[in-house]
Amino acid sequence: MTNPLDPASSADAAPSADAARPTRGADAFLAFVVLVGDAMLLGIGTLLLIFAQLDVGPRDLPPRTVPEMDWAPLLSYGVPVLLIALSVWWFVRSRHPITVCVQVLVVLVVGGAMLAVTARAYQHAHPPPRPPQRHYVPCYSGSGDCPGG
């Protein structure tokens with residue numbers, strides 16, 4: 001047990017909660033520095049996306065009838081968004097509220113854009129089935145010798 005009147009025992013005590021809290025100015029500056037770091041990380045993701053979109057590879061392949069799902073946007077922006085979301089946890093634990101708000105906004109904006117692009121690529125890769133022709137008569141016999149189909 002520590003004696004509050006003894007200076008030697010109070011030096012070993014844990015610092016108060018207010019002493020560990022950063023000032024608003026320091027937190028705002030940290031938020032700006034982290035935002036610049038996020039922009040650089042997302043810039044690397046953009047470069048990876050550009051290199052993935054370049055037409056590099058063998059040219060003698062036959063064209064595909066159904067386009068494939070493009071995973072490049074999800075991978076090139078998903079990893080930075082995941083790293084930024086993990087940094088939110090660290091900034092919450094280190095008590096930087098302004099930085100947490102900025103990081104949450106970055107995750108929401110970039111993550112939402114990433115999901116929208118990925119959903120559009122999925123819809124492009126999986127088109128809806130074509131409607132049946134007007135004069136189509138279904139054949140239920142199983143033999144395949146029905147008129148019209």
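Residues numbered from 1 in each chain as written. Predicted model: local features only at pLDDT ≥ 70, side-chain atom pairs only at ≥ 80, totals over all residues. Heavy atoms only, no water.

Caption draft 1: Inspection of the overall build of the chain at higher detail. Along its length, the chain carries five helices and zero strands. Secondary structure elements of the chain, listed N to C terminal, follow the sequence α-α-α-α-α. Relative to its 149 residues, the chain shows a buried fraction of 21%. Summarising the internal contacts of the chain: among those between residues at least 6 apart in sequence, 70% fall at separations of at least 24. Per element, the accessible surface of the chain, about 11,800 Å² overall, is 68% carbon and sulfur. (Helix = DSSP H or I, 4+ residues; strand = E, 2+ residues; numbered from the N terminus. Buried < 20%, exposed > 50% of the residue type's maximum accessible area, 1.4 Å probe, protein only. Contact = heavy atoms within 4.5 Å. Areas by Shrake-Rupley, 256 points an atom, 1.4 Å probe, with all protein chains shown as cover.)

Caption draft 2: Structural detail: the nonpolar core. If you look at the biggest cluster of nonpolar residues, it comprises nine residues: L42, L49, A72, Y77, V81, I84, V106, V110 and M114. Broken down by secondary-structure element, the contributors of at least two residues to this core are α3 (24-53), α4 (72-93) and α5 (97-125). Excluding residues within four positions of it along the chain, I84 makes contact with D38, L41, Q103, V106 and V107. (Core = buried A, V, L, I, M, F, W, Y, C linked by side-chain atoms within 4.5 Å.)

Caption draft 3: Representation of unusual backbone geometry in the model. Phi is positive for R95, close to 65°, though the residue is something other than glycine. Given the relative accessible area of 29%, R95 is considered partly exposed.

Caption draft 4: Quick look at the packing of α4 against α5. Direction vectors running N to C along α4 and α5 enclose 160°, while the axes themselves pass 9 Å from each other. As summarised for this structure, α4 and α5 are arranged roughly antiparallel, according to the angle between their axes. Both α4 and α5 take part in a crossing whose hand is left-handed. Seen from α4, the contacting residues are P73, L74, Y77, G78, V81, I84, A85, S87, V88, F91 and V92; seen from α5, they are T99, V100, Q103, V104, V106, V107, V110, G111, M114, V117 and T118. Looking at the contact of α4 with α5, its residues break down into 16 nonpolar, six polar and no charged. (Axes fitted to C-alpha atoms, helices over the stretch in contact; angles between N-to-C directions. Parallel < 35°, antiparallel > 145°, perpendicular 65-115°, else oblique. Left-handed = near helix turned anticlockwise from the far one by under 90°. Nonpolar A, V, L, I, M, F, W, Y, C, P; charged D, E, K, R; others polar.)

Caption draft 5: Focus on the confidence of the model for the chain. Per-chain confidence: the chain averages 77 in pLDDT, with 72% of residues scoring 70 or above. When pLDDT is averaged over each helix and strand of the chain, the minimum, 54, is found for helix α1 (residues 7-11) and the maximum, 88, for α3. (pLDDT = per-residue confidence, 0-100.)

Caption draft 6: Structural context of α3. Over its 30 residues, α3 extends 42 Å from the first C-alpha to the last, a length consistent with the 44 Å expected when each residue adds 1.5 Å. The complete set of buried residues in α3 reads D27, A31, V34, D38, L42, G45 and L49. Turning to α3, the residues buried within the fold contact α4 and α5. (Expected span 1.5 Å × (residues − 1).)

Caption draft 7: Highlighting the environment of T23. Secondary-structure assignment places T23 in the loop between α2 (17-20) and α3. Sequence separation of T23 and H96 is 73 residues, and the distance between their C-alpha atoms is 8.9 Å. One polar contact links the side chain of T23 to the main-chain amide nitrogen of A26, over a distance of 3.2 Å. (Polar contact = N/O pair within 3.5 Å; in protein donor to acceptor, adjacent residues only side chain to side chain.)

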